Amino acid sequence: ARPPPAGTRNIMEGGHVASDNLYVTRLPSSLTQDDLQQIFGSLGDMVRCRLIPHRSIPEEASALVRYRSAEVASKVIELVESCGGNIGSGLAQPIQIRYAEPSKGKHHEGGGVQAGGGYGKVDGSDWG
């Protein structure tokens, strides 16, 4: 298996692979990309984020949020869990947050498959 892309760091935490990439669920569908950046940027040194509309529950959305390091992402998870997912910021219901699943493999034009990589794969496509 190849190592994660440069700048992506994974650590073991509680038997799970911790990474700098988080998957957030139970967000309101009315949330905008700017709202997402403001909320999650205030929780730690965020590199980028992407809002993902929920296909089967129209009133909910999800998001991928990448932080500067796995350590920062881990602290964000701890913070969110410590308040039961109620992070305020105008969100009516508690959110759920976890480390994003790494890609299982991505086919490249050269015919090879790149394993892993740390980019969350939620809806069948990598983000970056």
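All figures in this text were calculated on a predicted structure; none of them were measured in a lab.

Draft legend 1. Focus on the overall build of the chain. A count of helical and extended segments in the chain gives two helices and eight strands. Across the 128 residues in the chain, those meeting the buried criterion constitute 36%. Here the contacts in the chain between residues at least 6 apart in sequence split such that 57% fall between residues at least 24 apart.

Draft legend 2. Molecular detail of helix 2 (residues 70-82). Over its 13 residues, helix 2 extends 18 Å from the first C-alpha to the last, a length consistent with the 18 Å expected when each residue adds 1.5 Å. All of the buried residues in helix 2 are A70, V72, A73, S74, V76, I77 and V80. After helix 2 finishes, the residue G84 shows a positive phi value of roughly 65°.

Draft legend 3. Region of the structure containing the pattern of salt bridges. By the definition in use, this model includes three salt bridges. Here R66 makes a salt bridge to D20, at a shortest N to O gap of 2.7 Å. Of the two residues, R66 sits in strand 5 (residues 60-67) while D20 sits in the loop between strand 2 (16-18) and strand 3 (21-28), which places them 46 residues apart along the sequence. Comparing R66 with D20, the two get one shared label, buried. When the shortest N-O distance is used, the salt bridge between R98 and E101 registers 3.9 Å. Exposure remark for R98: the relative accessible area of 38% places this residue in the partly exposed category.

Draft legend 4. Just the nonpolar core, in detail. Core analysis: the biggest nonpolar cluster contains 24 residues, and L27, F40 and Y67 have the highest contact counts within it. For this core, the elements supplying multiple residues, two or more each, are strand 3, helix 1 (33-41), strand 4 (46-53), strand 5, helix 2 and strand 6 (96-99). Ranked by residues supplied to this core, first place goes to helix 2 with five residues.

Draft legend 5. Spatial organisation of the environment of G84. Mapped onto the fold, G84 is located in the loop between helix 2 and strand 6. Given the relative accessible area of 48%, G84 is considered partly exposed.

Cut-offs and rules
- Residues numbered from 1 in each chain as written.
- Predicted model: local features only at pLDDT ≥ 70, side-chain atom pairs only at ≥ 80, totals over all residues.
- Heavy atoms only, no water.
- Helix = DSSP H or I, 4+ residues; strand = E, 2+ residues; numbered from the N terminus.
- Buried < 20%, exposed > 50% of the residue type's maximum accessible area, 1.4 Å probe, protein only.
- Contact = heavy atoms within 4.5 Å.
- Expected span 1.5 Å × (residues − 1).
- Salt bridge = Lys/Arg side-chain N within 4 Å of Asp/Glu carboxyl O.
- Core = buried A, V, L, I, M, F, W, Y, C linked by side-chain atoms within 4.5 Å.

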